[in-house]
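If you want the building blocks of each chain, they are given just below.
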Amino acid sequence: MNIHRLFRRPEGLKGKLFKLTGPIFLETLLILTLGVVDTLMLSQYSDNSVAAVGVVNQLLNMVFLLFNITTTGTAVMCALYFGAKNNKSFIQVVGTSLLFNAAVGLIISLILTCFGGRMLVMMDIRPDLMPDASIYMKIVGGFGFFQAITFTVSTVLRAANKPNYSMQVALVINILNILGNYTLIFGHFGFPALGVEGAAISTSVCRAIAMIFLFIVLFKRLIHRMPLAYFRPFPFRMLKDVLKIGAPSAVEQISYDASQVAIVYFINMLGNEILATRVYVMNIVIVGYLFSLSIAQATAVCTGNLVGAGKKRAAYTLSWYAWKRSLFITFVASSSVYLLGRPLLGIFTENETIINVAMGVLLVDIFLEQGRATVLMFLFNLRSVGDVIVPVLIELVCMWFFAVFCGYMFGIVFGLGLAGMWVAFAMDESSRGIVLALRWRTQKWKRRNLIRHDVKVG
């Protein structure tokens, strides 16, 4: 195999990489836009409704992390079997993942419906927010299994090099959600003004429609038939492989969310202005993050396909090419955000104290994003070849030492404020990035064989 020839051909590795990156970027952006639109439209209804939905979504997002236990493993195994052209095993992974996530989703939906109110009480939600929060929890949480299935199908389509379909569905759902919110929150076209309840209904209906659309795409464009013979006896080995990769990744994500809770607690010590500054900065720097995330996800799909096809050398070469491009694009994006920082911040606030603090943070963030781009690239690549345990241990140690402990020391003890904490965050991302890159460079993952090449069907 001539790797350089593959890189030169328009339809080769580079073309495939960027063909995947665009739709993944747009799909992720549209998903984020969905939440922003909900917040903006509810803010026109009442501030309390925004606060109530914000609390519920924080809880739901943590609960929905359980779906990542299978979706991460599904992405890896599907990409490998797709690259290996092992159609039977690919279908078995898809089927077992769908069944498992649907079952988990139904159980979680039942728990949220029956005990969601008690969970909100445990979160010490204010009494005046409880009515709105409770109804939103029952409707959105009660139909959470739609999200579980949608996550799975979208993951499969990405692994099979078809992310454009998920992007198109996300676009349609954004439009439908805006229409649904307009109709049900404010009461138009003959419908009553339902406020938060209307937003919850719109969200749940849109998720159901997304699930149906994705199912149609899955069975029309990718899997034309799913023979029951493939699941007799039930392929528990496939489910075991998926969970073996997904469970450690879910632990890492849960640890990350826990560390963020600790960090927000520390920032809260600095006062409401600094807490608001963090929110504004996070909303602005998301641009650079989306670029690096999309390139990393696209590279992981290509890596999985290549390793599944036995082209490990090509996968290794592609990863370094993609990393360099990711660093460049992320640097341009984060530098542009810094240079345009004042007018961008002016959209959110006129408070000069907040703007001045934020500008110092945005300068540090240029370096942080380089570290984050490296982390995402090599973390996703290591996952795509089944190397998950060591990266998770690396993540846990660096995250809690640098981001949490050093963040507290720099920001609170040494009095450097939010900018000092951002330096600690940059140290966290950079240290993890370096270690993960070195782990990838050892090429020990080449000795791993996650899939069997003994059966090829289709």
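Every value quoted in this text rests on a predicted model; they were computed, and no experiment measured them.

Colleague: Just checking my understanding: could you explain the packing of helix α4 (residues 68–83) against helix α10 (residues 236–268) for this structure?
Modeller: It is at 6 Å that the axes of α4 and α10 come closest, and there the two elements cross at 125 degrees. What the angle tells us is that α4 and α10 run oblique. Judged by the twist between their axes, the crossing of α4 over α10 is right-handed. In this structure, α4 contributes Asn68, Ile69, Thr70, Thr72, Gly73, Thr74, Val76, Met77 and Tyr81 to the contact, and α10 contributes Arg237, Met238, Asp241, Val242, Leu243, Ile245, Gly246, Ala247, Ser249, Ala250 and Gln253. Residue classes in the contact of α4 with α10 are distributed as 10 nonpolar, eight polar and two charged.

Colleague: Looking at this structure, how should I read empty space enclosed by the protein?
Modeller: One pass over the structure, following the stated rule, counts one cavity of 30 Å³ or more. Looking at the largest cavity, its volume works out to about 40 Å³. Taken together, Val285, Gly288, Ser334, Val337, Tyr338, Leu362, Asp365 and Glu369 make up the full set of residues lining the largest cavity. Mapped onto the lining of the largest cavity, the elements with two or more residues apiece are α11 (272–308), α12 (312–339) and α14 (352–384).

Colleague: Explain α14 to me, please; I cannot follow it from the model alone.
Modeller: Residues separated by three or four positions in an α-helix point in the same direction, a consequence of the helix having 3.6 residues per turn. Helix length check: α14 (33 residues) gives 45 Å between terminal C-alpha atoms against 48 Å at 1.5 Å per residue, within 8%. Helix geometry: α14 is bent most strongly at Ile366, by close to 35 degrees. Here α14 lies mainly inside the structure; 25 of its 33 residues are buried. Put simply, Asn351 is the residue that caps the front of α14, since its side-chain oxygen is 2.9 Å from the backbone nitrogen of Thr353. Positive backbone phi, at 85 degrees, marks Gly386, one or two positions downstream of α14.

Colleague: For this particular structure, what's the right way to read unusual backbone geometry?
Modeller: Residues apart from glycine generally show negative phi values, whereas peptide bonds are mostly found in trans. Between Arg232 and Pro233 the backbone carries a cis peptide bond, its omega angle lying at -5 degrees. Mapping Pro233 onto the fold places it in the loop between α9 (196–222) and α10. Positive phi is not limited to glycine here, since Lys85 has a value of about 60 degrees. For Lys85, the position within the fold is in the loop between α4 and α5 (87–122). You can call Lys85 exposed: its relative accessible area is 62%. If you check the backbone angles, Gln443 has positive phi at about 60 degrees while not being a glycine.

Colleague: So what exactly am I meant to see when it comes to the nonpolar core here?
Modeller: Considering soluble globular proteins, one finds that nonpolar side chains tend to be buried as a cluster. With 77 residues, the main nonpolar core has Met77, Phe90, Val94, Leu218, Leu222 and Trp440 as its most contacted residues. By residue number, the principal contributor to this core is α11, which donates nine residues. For Leu218, the residues in contact, after removing those within four places along its chain, are Val94, Leu98, Val153, Val156, Leu157 and Ile223. If you look at the next biggest cluster of nonpolar residues, it comprises 27 residues, including Val56, Leu120, Ala148 and Ile185.

Here is what the cut-offs are and how they apply
- Residues numbered from 1 in each chain as written.
- Predicted model: local features only at pLDDT ≥ 70, side-chain atom pairs only at ≥ 80, totals over all residues.
- Heavy atoms only, no water.
- Axes fitted to C-alpha atoms, helices over the stretch in contact; angles between N-to-C directions.
- Helix = DSSP H or I, 4+ residues; strand = E, 2+ residues; numbered from the N terminus.
- Parallel < 35°, antiparallel > 145°, perpendicular 65-115°, else oblique.
- Left-handed = near helix turned anticlockwise from the far one by under 90°.
- Contact = heavy atoms within 4.5 Å.
- Nonpolar A, V, L, I, M, F, W, Y, C, P; charged D, E, K, R; others polar.
- 1 Å grid on protein atoms, 1.4 Å probe; cavity = no way out; pocket = protein on both sides within 12 Å on 5 of 7 lines; lining within 4 Å.
- Points joined across faces, edges and corners; volume = space filled by probe spheres on them.
- Expected span 1.5 Å × (residues − 1).
- Bend = angle between axes of the 7 residues up to and from the residue.
- Buried < 20%, exposed > 50% of the residue type's maximum accessible area, 1.4 Å probe, protein only.
- Polar contact = N/O pair within 3.5 Å; in protein donor to acceptor, adjacent residues only side chain to side chain.
- Core = buried A, V, L, I, M, F, W, Y, C linked by side-chain atoms within 4.5 Å.

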